[in-house]
Amino acid sequence: MTASRIVDDIIGGRVQVGEKLPTEPEMLERYAVSRESLREALRLLEIQGIIDIKRGPGGGPFVAPLNSGYLARTSSLYFHLSGATHMELLQTWAILEPSLAELVAQKPDRRAKRAVFAPFIDYDPDAHQSDELFADFNNFHAAIAQLSGNRVLTLVTQSVTHIVVENVLRSVDPVSERSMLSHSHEDIAVAIVDGRATKARKLMAEHIGEVRDTYLSRSPDQGLMPVEWRL
Ligand SMILES: [Zn+2]
């Protein structure tokens, strides 16, 4: 299959992230397929977020960085079709995030962890605009996911977190909850940096529980709403 051969070339380092794929005549020759097959393969990879097809002069298919947002889109379609509810998604999030926090806390490199989590320790939520707050709160969870050292757990958790944030928690105002969120993040960050794995797990479980309760306190029925498919 042409798409998987292109992926093999990306994994094999023939083309790097951010680089343009070879020209169409070059790829037709390399993969020995019809123009239709090649275009279909490129379209498939574009939909999966593996390549980014830029239009106009200097454009063409570029290798995109791995983006769990695409995994989230596909997952949200499956969750939607299965009839899964917001509560089920939140429950999954509550299972994944504490495990991740525990794993990262067990990492021995304290200095590296401190560098990553420094922005979230002594964070002053009142010194930031609302969109900055929102990004920083999300970045905290992304930072943990990136340090886990388990790529599967990282991608699965990032994807679930993405759907939770985009699909479920839209009614939770990060500005009005900024004090609760930044305090929890700070405590978790300190436990992770200090290598206190059990504490990090416990604090993360409490944090996720708090976010869930805040969400459900507005309207308990929201938990029964089906997960939507977000493109
Ligand atoms: Zn959080």
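Just so you know, these numbers come straight off a predicted model, no measurement behind them.

Each value, and the rule that gives it
- Residues numbered from 1 in each chain as written.
- Predicted model: local features only at pLDDT ≥ 70, side-chain atom pairs only at ≥ 80, totals over all residues.
- Helix = DSSP H or I, 4+ residues; strand = E, 2+ residues; numbered from the N terminus.
- Buried ≥ 20, exposed ≤ 12 C-beta atoms within 10 Å, placed from the backbone.
- Domains from an automatic or database assignment.
- Axes fitted to C-alpha atoms, helices over the stretch in contact; angles between N-to-C directions.
- Parallel < 35°, antiparallel > 145°, perpendicular 65-115°, else oblique.
- Left-handed = near helix turned anticlockwise from the far one by under 90°.
- Contact = placed C-beta atoms within 7 Å.
- Nonpolar A, V, L, I, M, F, W, Y, C, P; charged D, E, K, R; others polar.
- Core = buried A, V, L, I, M, F, W, Y, C linked by C-beta atoms within 7 Å.
- Pairing = 2+ DSSP bridges.

Asks: Before we go on, may I ask you to explain the overall build of the protein chain in this structure?
Replies: Across its full length, the protein chain holds 10 helices and two strands. When the helices and strands of the protein chain are placed in sequence order, the string is α-α-α-β-β-α-α-α-α-α-α-α. In terms of overall dimensions, the protein chain has C-alpha extents of about 60 × 45 × 30 Å along its principal axes. Among the 231 residues that make up the protein chain, the fraction classed as buried is 32%.

Asks: What is the right way to look at the domain arrangement of the protein chain in this model?
Replies: In terms of domains, the protein chain is made up of domain 1 (2–63) and domain 2 (68–224). Between the C-alpha centres of domain 1 and domain 2 the distance comes to 34 Å.

Asks: Help me understand the packing of helix H5 (residues 86–105) against helix H10 (residues 197–218), please; the structure alone is not making it clear to me.
Replies: The description of two helices packed together rests on the angle between their axes and the distance between the axes. Where H5 meets H10, the axes come as close as 8 Å, and the angle between the chain directions of the two elements is 155 degrees. The orientation of H5 with respect to H10, classified from their angle, is roughly antiparallel. Crossing of H5 against H10: the hand is right-handed. Note on element contacts: H10 touches H5 through Ala197, Ala200, Arg201, Met204, Ala205, Ile208, Gly209 and Arg212, opposite Leu90, Trp93, Ala94, Glu97, Pro98, Ala101, Glu102 and Ala105. Class assignment of the residues belonging to the contact of H5 with H10 gives a composition of 11 nonpolar, one polar and four charged.

Asks: It is not clear to me how the nonpolar core should be interpreted in this structure. Could you clarify?
Replies: Most often, soluble globular proteins have nonpolar side chains that are buried together. By size, the foremost hydrophobic cluster in this structure holds 38 residues, and its most contacted members are Leu89, Ala101, Val104, Val164, Ile188, Ile192 and Ala200. Mapped by element, the contributors of at least two residues to this core are helix H4 (68–82), H5, helix H7 (130–147), helix H8 (151–168), helix H9 (178–193) and H10. Broken down by element, this core gets its largest block of residues, nine residues, from H5. Residue contacts for Ala101: discarding those within four places in its chain leaves Ile144, Ile188, Ile192, Ala200, Arg201 and Met204. Leu21, Met27, Ala41 and Leu42 belong to the second-largest nonpolar core, a separate cluster that totals eight residues.

Asks: What is the right way to read the pairing of strand S2 (residues 60–63) from this model?
Replies: Successive residues of a regular strand alternate their side chains across the two faces of the sheet. Here strand S1 (residues 51–54) pairs with S2 via four bridges, running antiparallel. If you follow Ile53 over to S2, its bridge partner there is Pro61. Where S1 folds back onto S2 in an antiparallel hairpin, the turn is made up of five residues, including Gly56, whose phi is positive at roughly 85 degrees.

Asks: For this particular structure, what's the right way to read the environment of Val156?
Replies: Structurally, Val156 can be placed in helix H8. In this structure, the C-alpha to C-alpha distance between Val156 and Ser75, residues 81 residues apart in sequence, is 9.6 Å.

Asks: Where do I start with unusual backbone geometry in this structure?
Replies: Note on backbone geometry: most residues besides glycine have negative phi, and most peptide bonds are trans. If you check the backbone angles, Ala32 has positive phi at about 50 degrees while not being a glycine. With phi around 60 degrees, Asp122 is a residue other than glycine that occupies positive phi space. Looking at the element boundaries, Asp122 is found in the loop between helix H6 (110–117) and H7.

Asks: Could you clarify how one ought to interpret the packing of H5 against H9 in this entry?
Replies: The N-to-C vectors of H5 and H9 enclose an angle of 40 degrees; their axes lie 8 Å apart at closest approach. By the angle class used here, H5 and H9 are oblique. At the point where H5 passes H9, the crossing takes the right-handed sense. Listed contacts from H9 to Ala101, Val104 and Ala105 of H5 are Ile188, Ala191 and Ile192. In terms of residue class, the contact of H5 with H9 is made up of six nonpolar, no polar and no charged.

Asks: What is the right way to read the environment of Ser217 from this model?
Replies: Following the sequence through the fold, Ser217 ends up in helix H10. Sequence separation of Ser217 and Glu97 is 120 residues, and the distance between their C-alpha atoms is 21 Å.

Asks: Help me out: how do you make sense of the environment of Ala32 in this one?
Replies: Relative to the assigned elements, Ala32 resides in the loop between helix H2 (24–31) and helix H3 (35–47). C-alpha separation for the pair Ala32 and Thr2, spaced 30 residues apart in sequence, amounts to 9.1 Å.

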